[in-house]
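Summary of the model geometry
Here are the chains, one letter per residue:
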Amino acid sequence: MRNADATTSKTVLISGASVGGPALAYWLRRHGFDVTVVELAQGLRAGGQAVDVRGPALEVAERMGVLEEVRARRVQMRGMSMVDANGDELFRSEEYTITGGDLGGPDIEILRDDLSRILADAAGDGVEYLFGDSIAALDQDEDAVRVTFRSGLTRTFDLVVGADGLHSTTRSLVFGPERDHITHLGKYLSVWTAPNFLGLDRWQVFHQMPGSAWGGGVMSVRGNAELRVYMGFECDEPVAYDHRDTAAQKKLMEDAMAGGGWVVPQLLDSMWDAADFHFDSMAQIHMDRWSRGRVVLLGDAGYCGSPLSGQGTSMAMVGAYVLAGELKAAGGDHRAAFAAYESALRGYVAANQELALTNMARVDAQRSAAMGGTAEDTAAGTAQIDFQDFGEIVDSFTVRDY
C-alpha cells in the first residue's frame, strides 16, 4: 500500500538482487516508489556463505515483518571442531563457531540465498525484475537517468541504485575504475555446496593449513543434507583473475590448496561439479562519496567491509532502510536524501570496516602463538577472542523512525 505522504512519481532502478537490493525494494515500495531490479543472474542467485543478521539489522528485519521467518531459517549449529591434517581433533567448542561467533547471542546466522529469497518475497509482486540482464551504460542529467542494458533495452528512471556488490558495474560506470576504490586484504575465499559425505549433524569442522591462518572448512546445512564448503588462501599481492570466469577461479583454488590434508582433496573434487561456486578476494571499498547526481551506491558496492568484518549483510540491510527512509523524509529530493543517508551511516560503516582489520590482526596473533605452542594453547587462544568491542560496534547504530 502506498504511503500518501511520500513522493509517488519517482521511479528507481536497483542493480543487484542479493540482500541490499531486495531490502531496498521493500522499503521503497512501502514509501510509494516504483521499483525495478536488474540482476545479471537468471533468477535469485543460489549459494553463498552463511551470513549474519546482527544488531540494528535485526530491528530492520522486524520492521519488515520477516524477523521470525529469518529466525526460523537460521543455520542451527551445535558447535565446531578444528582438526589437523590427519583429521584428528585439536579442539572443539559448543559455545561459538568460526562462521557465526557466539552461539548464545541474539545474532542470526542464515544462508545468504535463504535470506535473499525471504527479502525478495517480502518486497512483493509490485517490484519489477529484469533477470539475465545488467546495466551497460548510464547517461544522467538534472531530470533523469537514461539506462542502456546489456540486452539492448533502454529505459529512463528518476534514480539508480548500485547494489551490485564488490565488483559493482554501477560504481565503475559512474565513479571510475574499481582499482581507484578497492583495498585488497591479502586473502581469498571460495564457497560452494557439496553432499554431506562426512555425516555432520549441525556441526562445522575446519582445518588450518600448516603455517597459515587459512585452509578449508565445512558446515552442515539444509537439515544436514548438504555441506557448505569454505576454502581460502593468503597472497601478499592481488591475484589477477576474471571474476566472471568460474573455471579459472576453480583452478586457482585447486592450485592454492594442492597437498592439503584432512578431506581437502575430496572437497576440491566436489568443487568442480558445484553449480553455486563463488570465489572472490577479501577486500574493502572506500569512497569519498557514495552518490553522484541521481546515482547512489548501497552495501558492498559503496562500502564493502569484506567477510572479515562479519557485518556486510547487516550494513546492507541497515543501509537499505536508511536510504529509503531518507528519500521518503526528503519527499523524493535525491540531493537531500543522499546527503542525509551518507551522514547517518558514515561512522557506522567506518567502524565496521575497521573491525575487519581488527579481526584479521587477532587471527594473525593467535596463529603466531599457536605455532610456538601446543594444541591446548591454540584452543585457549581461539576461545579468548574478545567479542566486547565487536558487540559495541555492532550495536552502535540506532534505527530511527521514518
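Up top is the structure.
Residues numbered from 1 in each chain as written. Predicted model: local features only at pLDDT ≥ 70, side-chain atom pairs only at ≥ 80, totals over all residues. Heavy atoms only, no water.

1. Let's talk about the pairing of strand β15 (residues 203-208)
Most of β15 sits inside the fold, with five of its six residues counted as buried. Judged from the five bridges that link them, strand β4 (residues 79-83) and β15 form a sheet pairing that is parallel. The partner of M80 across the bridge, within β15, is Q204. Note that β15 and strand β16 (residues 215-221) share five bridges and pair antiparallel. Each residue of the ladder has a partner; that of Q208, found in β16, is G215. (Buried < 20%, exposed > 50% of the residue type's maximum accessible area, 1.4 Å probe, protein only. Helix = DSSP H or I, 4+ residues; strand = E, 2+ residues; numbered from the N terminus. Pairing = 2+ DSSP bridges.)

2. Structural notes on the sheet that holds strand β11 (residues 145-149)
Each strand in a sheet pairs with its neighbour through backbone hydrogen bonds, running either in the same direction (parallel) or in the opposite one (antiparallel). Strand order in the open sheet formed by three strands is β10-β11-β12, with antiparallel pairing between adjacent strands. With partners counted over all chains shown, the strands left at the sheet margins are β10 (135-140) and β12 (154-157), one partner each. Here the strands of the sheet are splayed against their neighbours by 25° on average, with no regard to which way each runs. Two elements, β10 and β11, share five bridges in a ladder whose sense is antiparallel. Within the sheet, the bridge partner assigned to Q140 lies in β11 and is V145. (Axes fitted to C-alpha atoms, helices over the stretch in contact; angles between N-to-C directions.)

3. What to know about the pattern of salt bridges
Two side chains carrying opposite charge are able to pair once their charged atoms lie near each other. As enumerated under the stated definition, the model contains 23 salt bridges in all. One salt bridge in this structure joins D52 and R54, with 3.5 Å as the shortest N-O distance. There is no split in this pair, since D52 and R54 are both buried. When the shortest N-O distance is used, the salt bridge between R54 and D107 registers 2.8 Å. Of this pair, R54 sits in the loop between β3 (50-53) and α2 (56-64) while D107 sits in the loop between β7 (101-102) and β8 (108-111), and the two are 53 residues apart along the sequence. On the accessibility criterion, R54 (5% relative accessible area) is buried. Beyond isolated ion pairs, a larger network of salt bridges with shared partners links R73, D113, D114, R222, E226 and R228. (Salt bridge = Lys/Arg side-chain N within 4 Å of Asp/Glu carboxyl O.)

4. Regarding the packing of helix α1 (residues 20-30) against helix α4 (residues 112-123)
Direction vectors running N to C along α1 and α4 enclose 20°, while the axes themselves pass 8 Å from each other. Comparing their axes, α4 and α1 come out roughly parallel. Classified by chirality, the crossing of α4 by α1 is left-handed. Together, P22, A23, A25 and Y26 of α1 and S116, L119, A120, A122 and A123 of α4 make up the contact between the two elements. Tallied by class, the residues present in the contact of α1 with α4 amount to eight nonpolar, one polar and no charged. (Parallel < 35°, antiparallel > 145°, perpendicular 65-115°, else oblique. Left-handed = near helix turned anticlockwise from the far one by under 90°. Contact = heavy atoms within 4.5 Å. Nonpolar A, V, L, I, M, F, W, Y, C, P; charged D, E, K, R; others polar.)

5. Remarks on the packing of aromatic side chains
Any aromatic ring pair is given by two values, namely how distant the centres are and how the planes are angled relative to each other. If you walk through the whole model with that rule in mind, you get 14 aromatic pairs. Between the aromatic rings of W192 and F277, the centroid separation amounts to 5.8 Å while the plane-to-plane angle is 35°, which identifies the pairing as tilted. You can see W192 sitting in strand β14 (residues 182-195) and its partner F277 sitting in the loop between α7 (264-271) and β18 (278-285), a full 85 residues away along the chain. F277 matches W192 in its accessibility class, with the two residues each being buried. Put simply, the rings of Y26, W27, Y321 and Y402 pair up and form one aromatic cluster. (Phe/Tyr/Trp six-rings, centres within 6.5 Å; stacked < 30°, edge-to-face > 60°.)

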